[in-house]
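Residues per chain are reported as follows:
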Amino acid sequence: MRIAIDGPAASGKGTIAKGLAKTFNLPHLDTGLLYRAVGLTVRDVPELNFEEEAIAAARSIDPSQLDPEKLGRAKVAKLASRVARIPKVREALRDYQVNFANQPGGAVLDGRDIGTTICPDAEVKIFVTASPETRARRRADQMASQGYDIGYDEMLRQIESRDEADRNNPAGAFYVADEAHLLDTSQLDIEAALRAAIAIVNQAMAGQPGSE
Ligand code: DC
């Protein structure tokens, strides 16, 4: 079973993807980490060489060496969103994601273009969303618990600016796959959001050919 989870920054998609992977015993790939790893590699590269070096970094990253803690920082997110605008970076990261999605037994992937581009024939697609205010509050609390006091207002500004950059990505705007189930987590805590996602997967699987 292939499960594609997409959604904006801090929507809860990562936590939901991890929870689904555990529930259904599937391997999980957070594809944002790939873009973050590329972004971090080129953080000090001058503008003139930025694109070229980002493409080279995307072609040589080792996906087995991704460190979610190091890559989780807000500054890295901004760099990730910048390299994600370079078509050849997306192209270089594509095969790894496609192969991960299509491994025998299936997988859960989360990102921005999983249901539309990386795995358009996934058996289940979920688009996780939440209001910018909810996402900013959650991310500010999460950062504070890790010792980074960014504050709600600054976090809201960062979330809105990243939404804008992602919406206007010249390498392909992110959109909701036609068959995706929408899951708005604004009013849900993480347990309730995960329960809702599990229900969507179970329902989708019950409707698959061969499920009777
Ligand atoms: O999901 P995230 O916050 O870790 O993503 C970081 C950035 O990477 C985000 O601004 C957009 C980009 N990204 C992407 O373009 N395509 C993906 N499949 C995943 C992330």
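About the thresholds
- Residues numbered from 1 in each chain as written.
- Predicted model: local features only at pLDDT ≥ 70, side-chain atom pairs only at ≥ 80, totals over all residues.
- Heavy atoms only, no water.
- Helix = DSSP H or I, 4+ residues; strand = E, 2+ residues; numbered from the N terminus.
- Polar contact = N/O pair within 3.5 Å; in protein donor to acceptor, adjacent residues only side chain to side chain.
- Contact = heavy atoms within 4.5 Å.
- Pairing = 2+ DSSP bridges.
- Axes fitted to C-alpha atoms, helices over the stretch in contact; angles between N-to-C directions.
- Near = heavy atom within 4 Å.
- Areas by Shrake-Rupley, 256 points an atom, 1.4 Å probe, with all protein chains shown as cover.
- 1 Å grid on protein atoms, 1.4 Å probe; cavity = no way out; pocket = protein on both sides within 12 Å on 5 of 7 lines; lining within 4 Å.
- Sits in = over half its atoms within 2 Å of the grid points.
- Nonpolar A, V, L, I, M, F, W, Y, C, P; charged D, E, K, R; others polar.
- Salt bridge = Lys/Arg side-chain N within 4 Å of Asp/Glu carboxyl O.
- Buried < 20%, exposed > 50% of the residue type's maximum accessible area, 1.4 Å probe, protein only.
- Points joined across faces, edges and corners; volume = space filled by probe spheres on them.

A.B. asks: I tried to follow the side chain of Thr-116 on my own but got confused; where do I start?
C.D. replies: On the secondary structure map, Thr-116 appears in helix H7 (residues 114-118). From its side chain, Thr-116 meets the backbone oxygen of Asp-113 in a polar contact 3.4 Å long. Side chain to side chain, Thr-116 and Thr-117 meet in a polar contact 3.4 Å long. In contact with Thr-116, not counting residues within four places along its chain, are Tyr-175, Val-176 and Ala-177.

A.B. asks: Mind showing me how you'd approach the sheet that holds strand E3 (residues 107-111) here?
C.D. replies: Remark on secondary structure: sheet strands pair via backbone hydrogen bonds, oriented parallel or antiparallel. Reading across from one edge, E2-E3-E1-E4-E5 is the order of the five strands in this open sheet, with parallel pairing throughout. The open sheet has two edge strands with one neighbour each: strand E2 (28-30) and strand E5 (181-184). Averaged over all pairs of adjacent strands, the angle between their axes in this sheet comes to 20°, without regard to strand direction.

A.B. asks: Would you mind going over the site of the ligand with me for this structure?
C.D. replies: As a matter of local geometry, the ligand sits amid 15 residues, with Thr-31, Arg-36, Arg-90, Arg-112 and Asp-113 nearest to it. Contact between the ligand and Asp-166: an oxygen atom at 3.2 Å from a side-chain N or O atom of the residue. Starting from 440 Å² of accessible surface for the ligand in isolation, the protein chains cover 97%. Of the pockets mapped on this structure, the ligand occupies the largest pocket. Counting only elements with at least two residues in the shell around the ligand, the list comes to helix H2 (32-41), helix H5 (74-83) and helix H9 (152-167). Its residues assigned to classes, the shell around the ligand comprises four nonpolar, four polar and seven charged.

A.B. asks: Before we go on, may I ask you to explain the pattern of salt bridges in this structure?
C.D. replies: Opposite charge on two side chains permits them to pair, given that their charged atoms come into close proximity. Scanning the model with the defined rule gives eleven salt bridges in all. For the salt bridge of Arg-135 with Asp-163, the shortest nitrogen-to-oxygen distance reads 2.7 Å. Of this pair, Arg-135 sits in helix H8 (residues 132-145) while Asp-163 sits in helix H9, placing them 28 residues apart in sequence. Each member of the pair, Arg-135 as well as Asp-163, is classed as buried. Linking Arg-137 and Asp-141 is a salt bridge whose minimum nitrogen-to-oxygen distance equals 3.5 Å. Placement of both Arg-137 and Asp-141 in helix H8 is noted, with a separation of four residues, approximately one turn of the helix. What makes Arg-137 partly exposed here is its relative accessible area of 40%. The network of salt bridges with common partners includes Arg-2, Asp-121 and Glu-123.

A.B. asks: For this particular structure, what's the right way to read empty space enclosed by the protein?
C.D. replies: If a probe the size of a water molecule is rolled over the atoms, the empty space left behind becomes visible. According to the stated counting rule, one finds one cavity of 30 Å³ or more in the structure shown. The computed volume of the largest cavity comes to approximately 50 Å³. Of all the secondary structure elements, the ones that give two or more residues to the lining of the largest cavity are H7 and strand E4 (124-129). Looking at the lining of the largest cavity, the element that brings in the most residues is E4, giving three residues. Taken together, the residues of the lining of the largest cavity break down into six nonpolar, two polar and two charged.

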